[in-house]
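Single-letter residue listing:
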Amino acid sequence: MSVRPGKRSRSLLATGALTAGLLGGALATAPSASAWTYLGHCSGGQMISYSATSFQWIKVPAVRYDGLNNMRCWMDYGSTGNGVKVLQLTLKTCYGRSIAVDGDFGPATRDALKYAQKYEGISVDGQYGEQTFWDLKWARYKPDGTRNGCAYNTL
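Residues numbered from 1 in each chain as written. Predicted model: local features only at pLDDT ≥ 70, side-chain atom pairs only at ≥ 80, totals over all residues. Heavy atoms only, no water.

Caption draft 1: Representation of the state of the cysteines within the structure. Under the definition given, this model contains two disulfides. The disulfide partner of Cys42 is Cys73, and the S-S distance across this bridge is 2.1 Å. A torsion of 95 degrees about the S-S bond marks the disulfide between Cys42 and Cys73 as right-handed. Taken together, the residues Cys42 in the loop between helix H1 (7-22) and strand E1 (44-49) and Cys73 in the loop between strand E3 (68-70) and helix H2 (82-95) connect sequence positions 31 residues apart. Accessibility classification places Cys42 together with Cys73 in one group, the buried group. Residue Cys94 pairs covalently with Cys150 via a disulfide, S to S 2.0 Å. Torsion about the S-S bond of the Cys94 and Cys150 cystine: about -95 degrees, corresponding to left-handed handedness. Note that Cys94 is positioned in helix H2 and Cys150 in strand E5 (residues 147-152), a separation of 56 residues in sequence. When its relative accessible area of 26% is taken as the criterion, Cys150 is described as partly exposed. Of note for the protein chain: the bonded cysteines, numbered N- to C-terminal, pair according to 1-2, 3-4. (Disulfide = S-S within 2.5 Å. Helix = DSSP H or I, 4+ residues; strand = E, 2+ residues; numbered from the N terminus. Buried < 20%, exposed > 50% of the residue type's maximum accessible area, 1.4 Å probe, protein only.)

Laid out in structure tokens, this is it:
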């Protein structure tokens, strides 16, 4: 499971600092090997081409960062907004879950996401992050904006 900025990372940093202090500074921390740096809560959605040769798109959750939409965002229980709606739409249309597309990440959305994560064989934690972005099927759209099935992100 990836740690996102917030209470968890502050808690981990505090624990690491305490441990290092108790060990006389013998413990060093290394940055994550992953290039994925969370830029914030998924507040919107972004259409992206799902493969280099496709003339169709998938819509994925995104966060506005430096004036651009960026997919390096997270969501979990209690999140709200358009990013949640994008996730709910894909859980409903691509995984057959009976959930409302209302922008509220509640128990039904968490359970639907856990189902999709289990179905795809990835970590089942009910949280949206990097692994879920890469491994879920997303609602696919034609150039005219009509929905056209589901597709994996192959970028």
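Don't stop here, the text continues.
Caption draft 2: Molecular detail of the side chain of Asn153. Structurally, the position occupied by Asn153 is in the segment after E5. In contact with Asn153, other than residues within four places in its own chain, are Ile48, Tyr50, Ile58, Phe133, Trp134, Leu136 and Trp138. (Contact = heavy atoms within 4.5 Å.)

Caption draft 3: Looking closely at the nonpolar core. Among the nonpolar cores identified, the biggest contains 30 residues, and Leu87, Leu91, Tyr128 and Leu136 are the most heavily contacted of them. With near-sequence residues (within four places) excluded, Leu91 lies in contact with Gly96, Arg97, Ile99, Thr109, Ala112, Leu113, Ala116 and Leu136. (Core = buried A, V, L, I, M, F, W, Y, C linked by side-chain atoms within 4.5 Å.)

Caption draft 4: Highlighting the packing of aromatic side chains. Tallying each qualifying case throughout the model produces six aromatic pairs. Ring centres of Trp36 and Phe133 lie 5.6 Å apart, and the angle between their planes is 45 degrees; on these two criteria the pair is classed as tilted. Here Trp36 is found in the loop between H1 and E1, whereas its partner Phe133 is found in helix H4 (residues 130-135), with 97 residues between them in sequence. Classification of Phe133 as buried rests on a relative accessible area of 3%. Measuring from centroid to centroid gives 4.8 Å for Phe133 and Trp134, while their planes differ by 70 degrees, and the two rings are edge-to-face. (Phe/Tyr/Trp six-rings, centres within 6.5 Å; stacked < 30°, edge-to-face > 60°.)

Caption draft 5: Expanded view of the confidence of the model for the protein chain. Residues with a pLDDT of 70 or more make up 77% of the protein chain, whose mean pLDDT is 81. Averaged pLDDT values over the elements of the protein chain bottom out at 34 in H1 and peak at 98 in helix H3 (residues 107-120). Taken together, the stretch residues 1-33 has pLDDT below 50 and engages in 20 contacts with residues farther than four places along the chain or on a different chain. (pLDDT = per-residue confidence, 0-100.)

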